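This is what each chain is made of:
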Amino acid sequence: MNWHRSTTVVVLCGFFLWLTMCAQTESLQTAGTPEPEPPVTSSSGASGTTAPLTYYVRPDGGSAAECTGLADAPYPGSGTDQPCAWDHPFWALPPEDMPRIAGGDTLVIAAGSYRMGYGASGADVCDTGYPWDCHMPPIPGGPAPAQPTRILGAGWDAGCPNPPELWGTERADFILNLTGTSNVEIACLEITDHSSCVEDHAAADGGSPLTCERETYPFGDWAATGLYAEDAANVTLRHLDIHGLASTGVRAGRLTDWLVEDVRLATNGWVGWDGDIGDDSSNSGTLHFVRWTVEWNGCAETYPEGAPTGCWAQTKGGYGDGVGTGSTEGYWLIEDSAFRYNTSDGLDLLYAQGTSSIEIRRTIAEGNAGNQIKTSGPATIENTVIVGNCGYFNGQPFTYGVDDCRAAGNALSLQLFPGNHLTVINTTLASEGDCLVTAECSGSCDGSESVLLRNVIFQGHPDFLSTDEQTCLLWTDGFPHDPASIDYAIIADVKEMPTPCPDHSLCTVAPGIVNSGIDTFDAHLRADSPAIDSGTTDGAPADDFTGSTRDAQPDIGAYEWRELAERVCLPMVVRIDFAARSAHAARAP
């Protein structure tokens, strides 16, 4: 069903915190993942006993010699082995040494700013000759999934209003270490550094003023990666803000059964989430992401202002994906999330293989310079808004060198293996890339494959790389048959409208959304929208993009229309005003 892909040749080279601002958010919590119980301090003595202990860190604490770490109290100023907190996480997890906490223990870190790397309290063994090794050892794993080791910021049980800041320095390889760690929960932390630099920035041009010092000590207040993990199972990450690292927010592979909730990965210099740790990076089990915000990766973050700058991508020697993986398996479930303004692809799961499957629900992808969403293998995408304004970075003051509409800028890129089935339902798509949707076969497809696009709004725009053409609707390749089926759709402003119009669909009809502009896109339906009550219940989700219940006759697109007075639960985005560093609420599209 090649509804006229552009002939443009493109070289294929390889604001913030998402919150649902109403009580209904809580109903979106995953069943079976209750909030953890409050920490209880054991009186059994030293770590390593069978009873778990709770340790404390606070800025007015003391060293491991001065304090036991077992009391949430300041160091009294004299004495040793006092009942008081440690003054730094390194006393619990010392660089180049054995942890002082044991599997199943809890470490509660009070609000404050903690230098992580050479020169920090508890880092006496670190050396200026190799300060990149000055980081935590692997966090000891808990004895069972129900008895995790916990690293918690104070306030973790009260909405995390003031998370402690762990900031990397002197070229530390990473800040948190989950190498070979299982049965762990990490919650309520800000993980960052105190530098505006990016590792190897603008390498294709010989560097730039933003390039980090890598050759001579002192290297500066930067760290490469926020969290590193390999061979890690039964891990929960909750309420983490990982931003401004010189390279990567999270680098993690060979994972099993992870839950990631309310985690933000932003303005990390190379990539937000890098799942490629080498030749064998494949994951397994369930990888569940809820309210996962991944934005502005591939950009430097100015310190202390926190603004994106120097945004770069592959032709300048960078990367820029929001999320990328190596070859991976596992069940990927992504809900209520956002992938925005990354300098390459937004969510790239093109390397899912074998028994993997993907579900994406109530998610937005917009403003990424490559493809907004890529999937591979069997997948379901529902209640999702995909805005392919892939030319967003062009001419912006924060852009150093970004590949506009990389990989043709197709908004939704789908890959199928023989026998795969894929469904896109109640979704709203817009694009200024080559096509709105592409579907390709990998391997020897046998004609049984299917791509169902139902209750979908398709809004075309002029092709950014070939402005005399419109974006195409759908392009398929490598199949012995036409795998695509479109019904109950609204299709507007695409190159060569399909003839005849797909079943139960409206062609060459404006969808009646609030704003169809590619950089101002708002997918809410107007009261006069032809999408209202025009969908089918067959396969339609019970809720919409906001989590609100759909009525008996569902609308087409991601949003169900309702009277303005009844719109009491719309997804909100807290954006940071870079100039004023003040947060204000703005409605998401």
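What comes next is a walk through the structure. Quick caveat, the model's predicted, so the values are computed rather than measured. (Residues numbered from 1 in each chain as written. Predicted model: local features only at pLDDT ≥ 70, side-chain atom pairs only at ≥ 80, totals over all residues. Heavy atoms only, no water.)

## Section: the overall build of the chain
Here is step 1: Counting its secondary structure elements, the chain contains 0 helices and 41 strands.
Here is step 2: Burial analysis of the chain (589 residues in total) assigns 60% to the buried set.
Here is step 3: Here the chain has roughly 20,700 Å² of accessible surface; of this, 50% comes from carbon and sulfur atoms. (Helix = DSSP H or I, 4+ residues; strand = E, 2+ residues; numbered from the N terminus. Buried < 20%, exposed > 50% of the residue type's maximum accessible area, 1.4 Å probe, protein only. Areas by Shrake-Rupley, 256 points an atom, 1.4 Å probe, with all protein chains shown as cover.)

## Some points on the pattern of salt bridges
Here is step 1: Inspection of the entire model under this criterion finds 29 salt bridges.
Here is step 2: Put simply, Asp 345 and Lys 374 hold a salt bridge, and the shortest N to O gap is 2.9 Å. Here Lys 374 lies in strand β22 (residues 373–376) and Asp 345 lies in the loop between β18 (338–340) and β19 (347–348), a separation of 29 residues in the sequence.
Here is step 3: One continuous salt-bridge network, built from bridges that share partners, spans Glu 335, Asp 336, Glu 359, Arg 361, Arg 362, Glu 382 and Asp 543. (Salt bridge = Lys/Arg side-chain N within 4 Å of Asp/Glu carboxyl O.)

## Points about unusual backbone geometry
Here is step 1: The peptide bond linking Tyr 217 to Pro 218 adopts the cis configuration, its omega dihedral lying at 0 degrees.
Here is step 2: Relative to the helices and strands, Pro 218 resides in the loop between β8 (184–193) and β9 (223–243).
Here is step 3: Across the junction of Thr 499 and Pro 500, the peptide omega takes the value 0 degrees, indicating a cis bond.
Here is step 4: Position of Pro 500 among the secondary structure elements: in the loop between β36 (490–492) and β37 (506–507).
Here is step 5: Its identity as a non-glycine residue notwithstanding, Glu 170 has a phi of 50 degrees, on the positive side.
Here is step 6: Take Glu 170: it is sitting in the loop between β6 (165–168) and β7 (172–179).
Here is step 7: Classification of Glu 170 as buried rests on a relative accessible area of 6%.
Here is step 8: Phi is positive for Thr 508, which is not a glycine, with a value near 55 degrees.
Here is step 9: Along the chain, Thr 508 turns up in the loop between β37 and β38 (513–515).

## Remarks on the nonpolar core
Here is step 1: Counting residues in hydrophobic clusters, the biggest one holds 93 residues, and the most contacted among them are Ile 186, Trp 258, Trp 273, Trp 292 and Phe 458.
Here is step 2: Per element, the largest residue contribution to this core is 8 residues, and it comes from β9.
Here is step 3: Discounting residues that sit within four places of it in the chain, Ile 186 has contacts with Ile 139, Ile 151, Leu 176, Leu 178, Leu 227, Thr 236, Leu 237, Arg 238 and Leu 240.
Here is step 4: In terms of nonpolar packing, the next biggest core, distinct from the first, is built from 18 residues, Val 387, Ala 430, Ile 518 and Phe 521 among them. (Core = buried A, V, L, I, M, F, W, Y, C linked by side-chain atoms within 4.5 Å. Contact = heavy atoms within 4.5 Å.)

## Considerations on the environment of Thr 309
Here is step 1: Secondary-structure assignment places Thr 309 in strand β14 (residues 308–309).
Here is step 2: You can call Thr 309 partly exposed: its relative accessible area is 21%.
Here is step 3: Remark: the alpha-carbon pair of Thr 309 and Cys 197, spanning 112 residues in sequence, is separated by 9.9 Å.
Here is step 4: Thr 309 has contacts with Leu 210, Cys 299, Ala 300, Thr 302 and Phe 398, leaving out every residue within four places of it along the chain.

## With respect to the packing of aromatic side chains
Here is step 1: One pass over the full model with this rule turns up 21 aromatic pairs.
Here is step 2: Ring centres of Trp 258 and Trp 273 lie 6.2 Å apart, and the angle between their planes is 85 degrees; this geometry places the pair in the edge-to-face category. A residue pair is termed long-range when its members are at least 10 positions apart, and Trp 258 in strand β10 (residues 248–266) and Trp 273 in strand β11 (residues 271–275) qualify at 15 residues. Residue Trp 258 shares its accessibility class with Trp 273, and that shared class is buried.
Here is step 3: Look at Phe 545 and Tyr 559: their rings are 5.1 Å apart centre to centre, the planes differ by 55 degrees, and that puts the pair in the tilted class. Taken together, the residues span a long stretch of sequence, with Phe 545 in the loop between β39 (522–525) and β40 (572–577) and Tyr 559 in the loop between β39 and β40 at a distance of 14 residues. Each of the two residues, Phe 545 as well as Tyr 559, counts as buried.
Here is step 4: Grouping aromatic residues by their ring pairs yields a cluster made of Trp 258, Trp 273, Phe 289, Trp 292, Trp 332 and Phe 339.
Here is step 5: The residue whose ring lies beneath Arg 150 is Trp 156, and the NZ or CZ to ring-centre distance is 5.5 Å. (Phe/Tyr/Trp six-rings, centres within 6.5 Å; stacked < 30°, edge-to-face > 60°. Lys NZ or Arg CZ within 6 Å of the ring centre and 35° of its normal.)

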